[in-house]
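Next come the chains, spelled out residue by residue.
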Amino acid sequence: MHDTAPPASGLADTVLERLTAVYPAAGNPFRAQEMVAYMKGAAPFLGIRAPERRTLSRTVLDGTPRPDESDCAAIALRCFALPEREYHYFAVDYLRRHVKRCSPGFLPVARRLVTTVSWWDTVDHLAAHVVGGLVAADPALGTEMDAWIDDEDLWVARTALLHQLRFKDATDADRLFAHCLRRSAHPDFFIRKAIGWSLREYGRTAPAEVRAFVTAHGSRLSPLSVREALKNL
């Protein structure tokens, strides 16, 4: 699945028909304005709070079969083609649930989602749970992350930094540390924060290693990255 156009999918047809009927009916215009403001205008919202949205999602998916990879791609890409952010959240939740049904060939689709209406609220979940899930299932994809870390799109680079967040003992520490150093001079807050966050999370598993890395390379890291990395050490 190397084409990122939505493939044909009867399951996607069913899900999108239900979703676009159920979600708007539950929207709240006043809450939507608050959500737009909180997300710095990244996308319009219907105005559905997360607990209610998840309940509605269960209704939408009631009785639907398990998807295959093509269904996952179709549902996610079609949801991200809709303007309101709640549809994007639905797609991310769906992929988190079914990422184990996807092959390494799904990675271009994940990249497409990361670079569509990019903001931390979708990118971070895609990084840790979808891209991370794909790499965990096929560690050879780590070489793709070595390319992503150098990408001009800061959200693609942030995804590379964060994809091992949930790996714990399975973390490729050499790759993590190398990625942090590759982008240590990046001026953007979201990259500097991701460097610190990825180190802090690995520090829960290997505190001595993270402390040693920061001691050795702290002068190359931003104060924000260092502060985040050592927050729990």
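Details of the structure are given in the entry above.
Quantities reported herein were computed from a predicted structural model and do not represent experimental measurements. Counting restarts for each chain, with residues numbered from 1 along the sequence as it is written. At least 70 in pLDDT is required for a residue's local features to be given in this predicted model, at least 80 for side-chain atom pairs to be given and counted, and no such filter applies to totals for whole chains, interfaces and linings, which use all residues. Only hydrogens and water are set aside when side-chain values are computed; all heavy atoms of the structure are taken into account.

**Considerations on the overall build of the protein chain**
Note on conventions: DSSP H or I runs of at least 4 residues are helices, E runs of at least 2 residues are strands, and numbering of each starts at the N terminus. When helices and strands are tallied, the protein chain shows 13 helices and zero strands. Helices and strands appear in the protein chain in the N-to-C order α-α-α-α-α-α-α-α-α-α-α-α-α. Each principal axis of the C-alpha atoms in the protein chain carries an extent, and together these give about 55 × 40 × 30 Å. When a residue's accessible area, from a 1.4 Å probe over protein chains only, is under 20% of the maximum for its type it is buried; when over 50% it is exposed; and in between it is partly exposed. Burial statistics for the protein chain: of 233 residues in total, 51% are counted as buried. Two residues form a contact once any of their heavy atoms are found within 4.5 Å. Within the protein chain, counting contacts between residues at least 6 apart in sequence, those at least 24 apart form 73% of the total. Using a 1.4 Å probe, the Shrake-Rupley method yields the accessible areas, and only the shown protein chains count as cover for residues. Only carbon and sulfur atoms are counted for the fraction: they give 52% of the accessible area of the protein chain, which is about 11000 Å². Positive charges are assigned to Lys and Arg, negative charges to Asp and Glu, while His and the chain termini are left out of the count. A charge is said to be at NZ when it belongs to Lys, at CZ for Arg, at CG for Asp and at CD for Glu. For the protein chain, the distance from the average site of its 30 positive side-chain charges to the average site of its 28 negative ones is 7 Å.

**A short note on the packing of aromatic side chains**
Here a pair means two rings of Phe, Tyr or Trp (six-membered ring of Trp) with centres within 6.5 Å. Their orientation is stacked below 30 degrees between planes, edge-to-face above 60, and tilted elsewhere. For the structure on display, the rule yields ten aromatic pairs. Judged by centre distance (5.8 Å) and plane angle (55°), the rings of W119 and W155 are tilted. Of this pair, W119 sits in the loop between α6 (107-114) and α7 (120-137) while W155 sits in helix α9 (residues 154-162); the two residues are 36 residues apart in sequence, bridging distant segments of the chain. Of the two residues examined, W119 and W155, each falls in the buried class. The structure contains a cluster of three or more aromatic residues connected by ring pairs, namely Y23, Y87, F90 and Y94. Remark: a charge is flagged as sitting over a ring if the NZ atom of Lys or the CZ atom of Arg is within 6 Å of the ring centre and within 35 degrees of the ring normal. The ring of W148 has R111 sitting right over it, with the charged end atom 5.8 Å from the ring centre.

**Considerations on the nonpolar core**
Buried residues of nine kinds, namely Ala, Val, Leu, Ile, Met, Phe, Trp, Tyr and Cys, make up a nonpolar core once their side-chain atoms join them within 4.5 Å. Counting residues in hydrophobic clusters, the biggest one holds 78 residues, and the most contacted among them are F90, F106 and L199. In this structure, L199 is in contact with L176, F177, C180, V210, F213, V214, L221 and A229, ignoring residues within four places of it in sequence.

**Overview of α7**
What a helix should span is 1.5 Å times the count of its residues minus one. Its 18 residues give α7 an end-to-end C-alpha distance of 24 Å, which sits within 8% of 26 Å, the value for a rise of 1.5 Å per residue. The angle between axes fitted to the seven residues ending at a residue and the seven residues starting there is what we call the bend at that residue. The sharpest bend along α7 reaches about 40° and sits at A127. The element α7 is extensively covered by neighbouring structure, given that 13 of its 18 residues are classed as buried.

**Observations concerning the side chain of R85**
Assignment of secondary structure puts R85 in helix α5 (residues 85-98). Whenever two N or O atoms come within 3.5 Å, that pair is a polar contact, provided that in protein one can donate a hydrogen and the other can accept it, and provided that, for residues adjacent in sequence, both atoms are side-chain atoms. Only 2.8 Å separates the side chain of R85 from the side chain of D121, close enough to count as a polar contact.

**Overview of a positive patch on the surface**
Here, patches come from residues exposed beyond 30% relative accessible area and free of salt bridges, joined within 9 Å for like charges and within 5 Å for nonpolar side chains (Val, Leu, Ile, Met, Phe, Trp, Tyr). Within this document, salt bridges are pairs made up of a side-chain nitrogen of Lys or Arg and a carboxyl oxygen of Asp or Glu, the two lying within 4 Å of each other. A grouping of R54, R96, K100, R166 and K168 is seen on the molecular surface, where their side chains present a positively charged patch. For K100, a relative accessible area of 84% gives the class exposed.

**Quick word on the pattern of salt bridges**
Evaluation of the coordinates by the stated rule reveals twelve salt bridges. A salt bridge links D93 to R53, with the nearest nitrogen and oxygen atoms 3.0 Å apart. Of the two residues, D93 is situated in helix α5 and R53 in helix α3 (residues 50-61); the sequence distance between them amounts to 40 residues. Measuring nitrogen to oxygen at the nearest pair gives 3.2 Å for the salt bridge that ties K231 to E228.

**Quick word on the environment of P65**
The topology assignment puts P65 in the loop between α3 and α4 (69-80). Sequence separation between P65 and V92 is 27 residues, and the spatial gap between their C-alpha atoms is 18 Å.

**Quick word on the environment of D93**
Here D93 falls in the partly exposed class, since its relative accessible area comes to 31%. C-alpha separation for the pair D93 and P6, spaced 87 residues apart in sequence, amounts to 18 Å. Residue contacts for D93: discarding those within four places in its chain leaves R53 and R54.

**So, unusual backbone geometry**
Trans is the prevailing form of peptide bonds, just as negative phi is the prevailing case for residues other than glycine. Of note, the phi angle at K40 is positive, near 55°, even though the residue is not glycine. Looking at the element boundaries, K40 is found in the loop between α2 (29-38) and α3. You can call K40 exposed: its relative accessible area is 67%.

The quantities given are spatial measurements derived from coordinates; they are silent on function.
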